[in-house]
Amino acid sequence: AQRVTQPEKLLSVFKGAPVELKCNYSYSGSPELFWYVQYSRQRLQLLLRHISRESIKGFTADLNKGETSFHLKKPFAQEEDSAMYYCALRYQGAQKLVFGQGTRLTINP
Amino acid sequence: GAGVSQSPSNKVTEKGKDVELRCDPISGHTALYWYRQRLGQGLEFLIYFQGNSAPDKSGLPSDRFSAERTGESVSTLTIQRTQQEDSAVYLCASSLGGGRLPSYEQYFGPGTRLTVT
């Protein structure tokens, strides 16, 4: 079965430090990977998707099919990056998203 | 424009009672999804609608759970004979269509927090 694993439930880094949120998936086909973010008292929203190969709010994520990973990275964390981050996968032929358990990122001043 | 809306925002019910949760998708969105999020866990898929048909209901946990959708509009998720393990945040999302195009991004509602006592 398809699965998404985010090994860190909590991650705390200092402002200005690099941040990496890990995401691994299990799926043998061609996946579509996403990162969603939920800021305090806001709804879940799409941050970025691998097929767009974009950088949003300074975040990037590269799909590594060999390691089945889609880690989210930002070189210099900002306090407003504090939020809950979810990695999600959509496999071929499906419409639904399979989510990881999420990582709560806290940026300390 | 208006986003996905859900009602009620909070619902407390007694074990054994039935509950109805409502989702109003973004106008023009043909695809609608229901997810559930238990405390400390990720979102788990429940059901997907394309128009008013449900081609994927594989995530409904039991026959106590059902959902319907009127045309390409409102959807209701009904839980019969609620149990304590049904306590969760129920999230609805909608998208322009069911597919892989970037425009088919899923937009989420604020959720309904259900507590079964």
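So, here's what we can say about the structure. (Residues numbered from 1 in each chain as written. Chains lettered and ligands numbered in written order. Predicted model: local features only at pLDDT ≥ 70, side-chain atom pairs only at ≥ 80, totals over all residues. Heavy atoms only, no water.)

## Some details on the packing of aromatic side chains
The geometry of two aromatic rings is summed up by the distance between their centres and the angle between their planes. Under the criterion given, the structure shown has 12 aromatic pairs over all chains. On the numbers, 6.2 Å between centres and 45° between planes, the contact of A:Phe34 with A:Tyr36 is tilted. The buried category is assigned to A:Phe34, whose relative accessible area is 2%. Judged by centre distance (6.4 Å) and plane angle (25°), the rings of B:Tyr33 and B:Tyr35 are stacked. Accessibility assignment for this pair places B:Tyr33 and B:Tyr35 in one class, buried. Among the aromatic residues, those joined into a cluster by ring pairs are A:Phe34, A:Tyr36, A:Tyr86, A:Phe99, B:Tyr33, B:Tyr35, B:Phe45, B:Tyr48 and B:Phe108. (Phe/Tyr/Trp six-rings, centres within 6.5 Å; stacked < 30°, edge-to-face > 60°. Buried < 20%, exposed > 50% of the residue type's maximum accessible area, 1.4 Å probe, protein only.)

## Regarding the state of the cysteines
The final tally for this structure, using the stated rule, is two disulfides over all chains. Here A:Cys23 is linked by a disulfide to A:Cys87, with a sulfur-sulfur distance of 2.0 Å. Between A:Cys23 and A:Cys87, the disulfide has an S-S torsion of -65° and is therefore left-handed. With A:Cys23 in the loop between β3 (19-21) and β4 (24-26) and A:Cys87 in strand β9 (residues 83-90), the pair connects residues that are 64 residues apart, well separated along the chain. Neither A:Cys23 nor A:Cys87 differs from the other in exposure class; each is buried. The disulfide partner of B:Cys23 is B:Cys92, and the S-S distance across this bridge is 1.8 Å. An S-S torsion of about -65° defines the bridge between B:Cys23 and B:Cys92 as left-handed. Placement of B:Cys23 in strand β3 (residues 19-24) and of B:Cys92 in strand β9 (residues 88-95) is noted, with a sequence separation of 69 residues between them. A residue is classified by how much of its surface remains accessible, and B:Cys23, at 0% relative accessible area, is buried. (Disulfide = S-S within 2.5 Å. Helix = DSSP H or I, 4+ residues; strand = E, 2+ residues; numbered from the N terminus.)

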